[in-house]
Each structure stands twice: as structure tokens, then as C-alpha cells.
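Secondary and tertiary structure notes
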Amino acid sequence: MTTTLRPAGPEVRHDDGRRSRPYDICVNSRRVGGIQLATDARFGPTAGRIEALAVDAPDRHRGRATVAALAAEEVLRGWGCRQIELTVPAEAEAAVRLSAALGYTERSRVLARSLTPPGPLPDGSGDRAMTAAEYPAWRAAAVAEHIRQEAAQGMPRARAEETSPAEHDALLPDGAATPGHVLRVLAHEGADVGTLWLSLRHPGQPGGYVMDVRVAPERRGEGHGRSLMLVAERETLAAGRSSLALNVYPDNAPALGLYRALGYRTAAYRMWKPIL
């Protein structure tokens, strides 16, 4: 039997520059599932994504998903893509194993937890809203760090320098006063030690989403990261949302240790591989 992909609809060109198209997974022309392919809005037209892949129950455990994923690589290579990314829910253990077997490695992971009222901040610590005067310096540092992270993940630096400021300004058009976003400054014994950016309406997330949490380099290791997460949990609950999520890179061992200690668990893996 031959497993192939058959277009299930027209190719769509999106306003953000992406292209996408659905395909049927077929065995000898019989549909046994579907797959959705797209280019990545962040990395640009040379990065592809498998946005969805499902095999019908009667045809599972027969290698259909494996062949479909390999065929997807050929389609995306034909689109000019040089890498491919997918997001796998942590509970989808078979999909996690399959992606690893096909050569995908972890780019980052999403951690999440259901919230209960957090405890108070440590003695001597407090937080306040970021002011309009403080915002420009924070923005410059946040954009510079985002460019560094994107370049470290394989994005051409020139593209990162072009897209990161634009993405940042699109998310925070009114700076620190943008509705649906919370920007806080943490102080300890009178000195500013860290900042928090929390989104309360992040796409695909039912609760709050930590966009950026940062402790001043000279104050790391003093527990301020934990305090900033307590602030994020408090603000999320105050907005009527009961869960909080964030993205973390697998080589950031201190952050992973902190989030696990606070009860966060892996909700999804973001995987990728080159397809040169």
C-alpha cells in the first residue's frame, strides 16, 4: 500500500506573509487522515510548520503518520523551506516519540499550571506598575534580548533585528498602558531588581501568559524570579483567569528548576529539524 498526500484545498496566502495548505493523507487514494502545512510567520518563508496531523482511528499504528510527516518535509522543501517545526502536546506520547524518531529536537517547551492564590512576597519586596518614563529603557532591553534569543534559535540575525521591534510594538501599541497586558517592576529593599510582562489575552492560551520575566544580572540567585512569578499569578487571578503558562528553552536549567518547584508542568514541546 502507498501512503501519499493529496491537496484538500487551495493554498492560502495570509496577511502576515505565511502560506498554508491542507492535505489529505491517503492510502491507495483512500483518505485516512489529514495534515495542515504552513510557513512560519516568525522565521519567514524558509521555515515550515506542521500545524496539525491526524490519522483516523482505524488506520493508526500502521506507519501512516510517519510517512505523512516525511512527505510533508518534501512538500515544504518544495516551498523553499530549510527547516520544519511542530508543536506536540506533552500528553501525546506517541507523537512525542515519533517526532524524536524522525530527528526532531526540542526548541522550547510550554509550561503551565492551574492557579491557587499565591502567598505574599518576601519581606522587603514589593511591586508596582511600570511607568511611561520607565518603558523606553525596558523596551530597548526586551527587544535586544528577543533578538539574541531568536538568533540563538536559528533565525537570521538580520530578520530578527527587523521583526522583533515590530512584533513588540504590535503587542504593546500603547506601551505600559496597553490593555490586556501587565507590566510590573519588582523592588527589594528600595532597589529595583526585576520586571514582568504578562499577557492576559495571548492567542491559543485560555489563561495568562508570561511574555518576559527578567531579574537584574547582579541580583540573580536571590529568589527574585520566584517573586516575579508570584506577581504574575496574582495578576492573572485578579483578571479572572485561573491558569498561567510560559515558554522556556531546554538549556535554561535555573528557570526550569524554578518553574518545576512552583508546580509548572510541561504542556507542549516545540520541536524542529533542518530539511536541507
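Being a predicted model, the structure only gives us computed values, none of them experimental. (Residues numbered from 1 in each chain as written. Predicted model: local features only at pLDDT ≥ 70, side-chain atom pairs only at ≥ 80, totals over all residues. Heavy atoms only, no water.)

Further remarks concern the overall build of the protein chain. In terms of helices and strands, the protein chain carries 6 helices and 13 strands. By the burial criterion, 43% of the 276 residues in the protein chain qualify as buried. Here the analysis covers contacts within the protein chain between residues at least 6 apart in sequence; of these, 62% occur between residues at least 24 apart. Total accessible area on the protein chain is roughly 13700 Å²; 54% of this is exposed by carbon and sulfur atoms. Averaging the positions of the 35 positive and the 32 negative side-chain charges in the protein chain gives two centres separated by 6 Å. (Helix = DSSP H or I, 4+ residues; strand = E, 2+ residues; numbered from the N terminus. Buried < 20%, exposed > 50% of the residue type's maximum accessible area, 1.4 Å probe, protein only. Contact = heavy atoms within 4.5 Å. Areas by Shrake-Rupley, 256 points an atom, 1.4 Å probe, with all protein chains shown as cover. Lys, Arg positive; Asp, Glu negative; His and termini not counted. Charge placed at Lys NZ, Arg CZ, Asp CG, Glu CD.)

With that settled, consider the nonpolar core. Nonpolar side chains tend to gather and get buried jointly when the protein is soluble and globular. Counting 24 residues, the largest nonpolar core has Val210, Met229, Leu244, Leu246, Tyr259 and Tyr264 as its most contacted members. The set of elements that each furnish at least two residues to this core consists of strand E9 (181–188), strand E10 (191–199), strand E11 (208–215), helix H5 (224–238), strand E12 (243–248) and helix H6 (253–261). With 5 residues, the top contributor of residues to this core is H5. Residues contacting Leu246, with those up to four places away along its chain left out, are Arg109, Val110, Leu111, Tyr209, Val210, Met229, Tyr259 and Tyr264. By size, the runner-up hydrophobic cluster in this structure holds 23 residues, among which are Leu5, Ala68, Ile84 and Val88. (Core = buried A, V, L, I, M, F, W, Y, C linked by side-chain atoms within 4.5 Å.)

The method is simple in principle: a probe with the dimensions of a water molecule rolls over the atoms, and the space it marks as empty is what remains. By volume, the second largest pocket is sized at about 650 Å³. Residue lining of the second largest pocket: 27 residues in total, with Leu53, Ala65, Ala94, Ala95 and Leu98 positioned closest to the centre. Listing elements by their share of the lining of the second largest pocket, those giving two or more residues are strand E5 (44–55), helix H1 (64–78), strand E6 (83–89) and helix H2 (93–101). The biggest single contributor to the lining of the second largest pocket is E5, with 6 residues. (1 Å grid on protein atoms, 1.4 Å probe; cavity = no way out; pocket = protein on both sides within 12 Å on 5 of 7 lines; lining within 4 Å. Points joined across faces, edges and corners; volume = space filled by probe spheres on them.)

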